[in-house]
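Below are the chains, spelled out letter by letter.
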Amino acid sequence: MRVFVKNSAQCAICNAGTYLTDETCMACAAKCATCVGDAGKCLECSADGYFFDQTTGDCNATAALTNCMVAGALGCRACEAGFFLELGKCVACPAACVTCTSLETCLTCTDGFVVVDGVCVPFSAIDACTSARNGACTSCADGYFLSEGKCFEDTTRRLRLSSSLSRAPSSS
C-alpha cells in the first residue's frame, strides 16, 4: 500500500518490506519483513531463515545459530545436550556438566562427578563417596549408606557397636 501526498507523486506511507526516505519508498534488506529509516534497521525479521537477535536487536540468519535443535522467530527454542538456552542462543554448560539451566546451575554431571549446590565436583571431594555415575554417588565408604545418590553416616551401626561393646563381659 502506497499513500501519496496530495498533488504529488511522492510517498507518505510505504508498503511492508519498504521504508520511507526522502518521500520515496525504498526496499528493506532481505532479512527484514519491515524496516524503518534504513534498509537494514528491521522492525520485524523476514520469516525466510532469519530470527530477531535479542542481544543485538538485529535480524540474523538462523543458520548462524549453533547447537540449536529448534529455531523460531526469536532465535533458538531448544538446544542440544550440554547447552542451555539464553536469550535465544545456546550456551555451553560448564565443564563436567551434562545438563544445566544456566552457568550456575548444573542438573547432571559426567561420570566421576556429583552435583553439589548446582556445581559438578569430583566424587573424591565428597565425604564417604567412593564412586559416582550420572551426577550422583553410587557407592559409599564403610560406615556409610547410600540414599538418593548421597552418602550418609550409618549412625545405627555405630549405636549397635557401642551397645555391644558396653555389654561385653569385662575381664577383671
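The preceding data block contains the structure.
Note that the structure is predicted; figures quoted are calculated from it, not measured.

Moving on: unusual backbone geometry. One non-glycine residue, D117, lies in the positive phi region at around 50°. As for its placement among the helices and strands, D117 is situated in the loop between strand 15 (113-116) and strand 16 (119-122). On the basis of relative accessibility, which here comes to 76%, the residue D117 falls in the exposed class. Positioned with a positive phi, A128 is a non-glycine residue whose angle comes to about 75°. Within the element layout of this structure, A128 appears in the loop between strand 16 and strand 17 (129-133).

This brings us to the pairing of strand 6 (residues 42-45). Sheet topology places strand 5 (residues 32-35) next to strand 6; three bridges connect them, and they run antiparallel. Bridging from a neighbouring strand, T34 pairs with E44 of strand 6. Taken together, strand 5 and the strand that follows it, strand 6, pair antiparallel across an intervening segment of six residues, in which G37 is found at a positive phi of about 75°.

In this section: the pairing of strand 8 (residues 58-61). Pairing of strand 7 (residues 50-53) with strand 8, which is carried by four bridges, proceeds in the antiparallel orientation. When the sheet's bridge partners are listed, D53 is paired in strand 8 with D58. The antiparallel pairing of strand 7 with strand 8 creates a hairpin that spans four residues between the two strands, and G57 there sits at a positive phi of about 75°.

Attention now goes to the state of the cysteines. Tallied over the full model, the rule gives eleven disulfides. In this model, C14 is linked to C25 through a disulfide, with the two sulfur atoms separated by 2.1 Å. Its torsion about the S-S bond being -95°, the disulfide of C14 and C25 is classed as left-handed. Pair noted here: C14 is in the loop between strand 2 (11-13) and strand 3 (18-21) and C25 is in strand 4 (residues 24-27), with a separation of eleven residues, a long-range link. Of the two residues, C14 and C25, both sit in the buried class. The disulfide partner of C140 is C151, and the S-S distance across this bridge is 2.0 Å. Taking the torsion about the sulfur-sulfur bond, which here is approximately -90°, the covalent link between C140 and C151 counts as left-handed. In this pair, C140 is assigned in strand 18 (residues 136-140) and C151 in strand 20 (residues 150-153), connecting sequence segments eleven residues apart. Among the residues examined, C151 registers a relative accessible area of 16% and is labelled buried.

We now examine the nonpolar core. One broad trend across soluble globular proteins is that nonpolar side chains are buried collectively. In terms of nonpolar packing, the biggest core is built from eight residues, these being F84, C93, A96, C97, C100, C106, C109 and C120. Elements with a minimum of two residues in this core: strand 13 (97-102) and strand 14 (105-109).

Definitions and cut-offs
- Residues numbered from 1 in each chain as written.
- Predicted model: local features only at pLDDT ≥ 70, side-chain atom pairs only at ≥ 80, totals over all residues.
- Heavy atoms only, no water.
- Helix = DSSP H or I, 4+ residues; strand = E, 2+ residues; numbered from the N terminus.
- Buried < 20%, exposed > 50% of the residue type's maximum accessible area, 1.4 Å probe, protein only.
- Pairing = 2+ DSSP bridges.
- Disulfide = S-S within 2.5 Å.
- Core = buried A, V, L, I, M, F, W, Y, C linked by side-chain atoms within 4.5 Å.

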